[in-house]
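Tertiary structure, described
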Amino acid sequence: MTNEELKSYLTERFPEAEIKTGPQYVEMTVSNASLLETAQQLKQSKETSFDYLFCLTGVDYAQNMGVIYHLESLAHRHTMVLKVKTADRVNPAIDTVSSVWITAKYHEREVYDLLGVRFNNHTDLRRVFLDDDWGHPLRKDYMDEVRIVER
Amino acid sequence: MSEIKEVIINNDRLATDEYLVNMGPQHPSTHGVLRLLVKLEGEKVLNVQPHSGYIHSGIEKMCEAISYPQIIHLTDRMDYLSAHMNNEAVALCVEKALQVEVPDRVKYIRTIMDELSRLASHQLWWCVFGMDLGALTTFFYGLRDRELILDIFEETCGARMTVSYNTPGGVMFDIHPNFQKRVKEYIKYFKTKLPEYDKLLSGNVILRERTEGIGHLSLVDAIDFGVTGPSGRASGFSCDVRKHVPYSAYPFVKFNEILDHRCDTYARYEVRVREMWESISIIEQLIDNIPAGDYAVKMKGVLKLPEGEFYQRVESARGEFGVFIVSDGKKNPYRVKFRSPGFSNLFALNNMAKGHKIADLVAIMSTLDLIIPDIDR
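Overview of the structure.

Scoring rules and cut-offs
Residues numbered from 1 in each chain as written. Chains lettered and ligands numbered in written order. Predicted model: local features only at pLDDT ≥ 70, side-chain atom pairs only at ≥ 80, totals over all residues. Helix = DSSP H or I, 4+ residues; strand = E, 2+ residues; numbered from the N terminus. Rg over C-alpha atoms; globule rule 2.2 N^0.38 Å. Buried ≥ 20, exposed ≤ 12 C-beta atoms within 10 Å, placed from the backbone. Contact = placed C-beta atoms within 7 Å. Core = buried A, V, L, I, M, F, W, Y, C linked by C-beta atoms within 7 Å. Pairing = 2+ DSSP bridges. Axes fitted to C-alpha atoms, helices over the stretch in contact; angles between N-to-C directions. Nonpolar A, V, L, I, M, F, W, Y, C, P; charged D, E, K, R; others polar. Parallel < 35°, antiparallel > 145°, perpendicular 65-115°, else oblique. Left-handed = near helix turned anticlockwise from the far one by under 90°.

Helix and strand counts for chain A stand at three helices and seven strands. For chain A, the sequential pattern of α-helices and β-strands runs α-β-β-α-β-β-β-β-α-β. Relative to the globule expectation of 15 Å for 151 residues, the C-alpha radius of gyration of chain A, 16 Å, shows essentially globular dimensions. Overall, chain A is about 50 × 30 × 25 Å in size when its C-alpha atoms are taken along their principal axes. Taken across its 151 residues, chain A has 42% of its residues classed as buried. Taking all contacts inside chain A whose residues are at least 6 apart in sequence as the whole, residues at least 24 apart take part in 44%.

What follows is the structure in structure tokens.
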């Protein structure tokens, strides 16, 4: 499907989601409650069949914490972006999609490590890179005490 | 004496328990600082748990403090064997965001350099793979050929590995007057040397015995784990970004995406060797046709990306490399994410190594072609 076809299909299929066309891909923002179900449908539905998760990113948007999923369908060769946001900055938690795409299990560990976003129902949520007593360096409120990096 | 006799007679007492062994962080076969926590029963691997982060350098955090042209110099340090591809990904992403169209000359130069990097990377992989399996000779053959590519890099851009040759809008300098001549000489030379690789290793009985049927990664698992690059293509996963989302001069050349459906360690070996032939073919198609023109578009002194989110995919020597930039309109990015191929590939290791011997684990890990700074970033 082209981006326009994909956009109209998604608008029809997921009426609650917020859908827009970004600079490259169709971007769909869903609520945390419907994330897992949406992910399953995007993968299993024959029209979309997004079976390859090629990038999973956590972003601190200051007001809220976001997780961004870049998806590709190998059968149709179309690409889209799925987004989920949570306003809770103290204890951000998002449902895991590792039951849909296994690779998410490890990328979610990285997001947890660097941004402190927890993933509900994750089977093995440990930090990937840093020690347990380290802060979450990619958060915007992270105190960089020795000023290694200053924006 | 009587005790030993008793042990031998009583078979139950010879049974081994499961035990945990740390492979790394300084084990030679991990090619860097990676620790694998291996659960063993005798020599049989029951479970492998990779522990990374020993050389986590916070590159993504550092990028938030520096400007876009400076980011390029950091990307060299991730996957130092695909330094040029990593540079190119950032340059392309910035150009896409600013809607800059680079001249054809730049595209050709970038693609030739990409393929030379890929050749050098696969050569290093090939020689180290032999060494991991105990064949030291391959090490000298591989490095002998790779050295000449690094000489070309040095003459072109002053550095041998961390090239930093790309810049938003083009390349840093024009190619050296000798560049075309030397690349052509090299290709002519390497075409006589690549068959030696097959003679030396590919048909070797010991290599075949140790790799065929070992480390099976099914197509479904390869997609699910996001295993890309030659490792993914050896499972039949058609994931070549050069083919599916072509960039730079790849739309102008004819080449095959090497796919194999045997899914084992030998398939991953053969895909890389065959990819070297494809790289040679791509370079041959381009080297005589580099168009005249500028080697860079004139860009502003301070680059400010428009607000938004930009993604660029390229094919590095290990798989799909991605750059994701979130910009808030300032001169440095709000957030940068590097999708490194090694990170996804590493975590498929447990799936592939389970049930095999510990020596096979070394071979399997070697065909994943892991570069640790690429994983840890």
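Moving on: helix α15 (residues 358-368) of chain B. One full turn of an α-helix is made of 3.6 residues, so residues set three or four places apart face in the same direction. Counting buried residues along α15(B), eight of its eleven residues qualify, which places the element largely inside the surrounding structure. When α15(B) is considered as a whole, its buried residues turn out to be B:Asp360, B:Leu361, B:Ala363, B:Ile364, B:Met365, B:Ser366, B:Thr367 and B:Leu368.

Turning next to the nonpolar core. Residue and element names in this part refer to chain B. Core analysis: the largest hydrophobic core is formed by 140 residues, its most contacted members being Cys-93, Ile-325, Leu-349 and Ile-364. Top contributing element to this core by residue count: helix α5 (residues 104-132), with 13 residues. Residue contacts for Ile-325: discarding those within four places in its chain leaves Cys-93, Ala-97, Leu-305, Phe-310, Pro-333 and Val-336.

What follows deals with the sheet that holds strand β4 (residues 65-72) of chain A. Residue and element names in this part refer to chain A. Strand order in the open sheet made by the five strands is β1-β2-β5-β4-β3, with mixed pairing throughout. Across the chains shown, the open sheet's two edge strands, defined by having one partner strand only, are β1 (18-21) and β3 (52-60). Sheet twist, expressed as the average angle between the axes of neighbouring strands with direction ignored, equals 20 degrees. Pairing analysis gives eight bridges linking β3 to β4, with the strands arranged antiparallel.

To continue, consider the interface of chain A and chain B. With 25 residues of chain A at the interface, the matching set in chain B holds 30 residues. Sort the elements by how many residues they give to the side of chain A that touches chain B and β3(A) lands first, with six residues. Residues of the side of chain A that touches chain B, tallied by class, amount to 16 nonpolar, five polar and four charged.

Now for the environment of B:Tyr334. All names here are of chain B. Within the element layout of this structure, Tyr-334 appears in the loop between β7 (319-327) and β8 (335-339). Here Tyr-334 falls in the buried class, since 20 other C-beta atoms lie within 10 Å of it. Taking the C-alpha atoms as reference points, Tyr-334 and Cys-63, 271 residues apart in sequence, are found 8.8 Å from one another. With residues near it in sequence (within four places) discarded, Tyr-334 still touches Val-326, Ser-327 and Asp-328.

Residues and elements named next belong to chain B. Looking at the element boundaries, Met-276 is found in helix α12 (residues 265-287). C-alpha separation for the pair Met-276 and Gly-42, spaced 234 residues apart in sequence, amounts to 38 Å. Apart from residues no more than four positions distant in its own chain, Met-276 is found in contact with Leu-119, His-122 and Leu-194.

Residues and elements named next belong to chain B. Of note, the phi angle at Ser-164 is positive, near 45 degrees, even though the residue is not glycine. Checked against the element boundaries, Ser-164 lands in the loop between α6 (137-157) and β4 (166-167). Exposure remark for Ser-164: the 19 C-beta atoms within 10 Å place this residue in the partly exposed category. Although it is not a glycine, Ser-248 adopts a positive phi angle of roughly 45 degrees. Relative to the helices and strands, Ser-248 is located in the loop between α11 (241-244) and α12. Residue classification places Ser-248 among the buried positions, given that 23 C-beta atoms sit within 10 Å.

The next subject is the sheet that holds strand β2 (residues 35-41) of chain B. All names here are of chain B. Across the sheet, three strands lie side by side as β1-β2-β3; this open sheet has antiparallel pairing. Bordering the open sheet on either side are β1 (18-23) and β3 (44-51), each of which pairs with just one other strand. The sheet shows a mean angle of 20 degrees between the axes of neighbouring strands, taken without regard to direction. Inspection of the sheet shows β1 paired to β2 by six bridges, in the antiparallel sense. Looking at the pairing, Asn-22 lines up with Leu-37 of β2.

All names here are of chain A. Where strand β2 (residues 26-30) and strand β5 (residues 79-86) come together, five bridges link them in parallel fashion. Bridged to Thr-29 within β5 is Lys-83. As paired elements, β4 and β5 share eight bridges and run antiparallel to each other. The residue bridging Ile-68 from the neighbouring strand is Lys-83, located in β5.

Residue and element names in this part refer to chain B. Where helix α7 (residues 179-202) meets α12, the closest approach of the two axes is 11 Å, and the angle between their N-to-C directions is 165 degrees. Taken together, α7 and α12 sit at an angle that is classed as roughly antiparallel. Every pair of crossing elements has a handedness; the one defined by α7 and α12 is left-handed. Residues Gln-180, Val-183, Lys-184, Ile-187, Phe-190, Lys-191, Leu-194, Tyr-197, Asp-198 and Ser-202 of α7 pack against Val-273, Met-276, Trp-277, Ile-280, Ile-283, Glu-284 and Ile-287 of α12. For the contact of α7 with α12, the residue count by class is eleven nonpolar, two polar and four charged.

All names here are of chain A. Summarising burial for β4: eight of the eight residues are buried, a large majority. Every second residue of β4 is oriented toward a common face, with Met-65, Val-67, Tyr-69 and Leu-71 on one face and Gly-66, Ile-68, His-70 and Glu-72 on the other, all of them buried. Hairpin connection, β3 to β4: the antiparallel pair is bridged by four residues, and Ala-62 has positive phi, about 70 degrees. Following β4, the chain reverses through six residues before pairing antiparallel with β5; Arg-77 in that reversal takes a positive phi of roughly 60 degrees.

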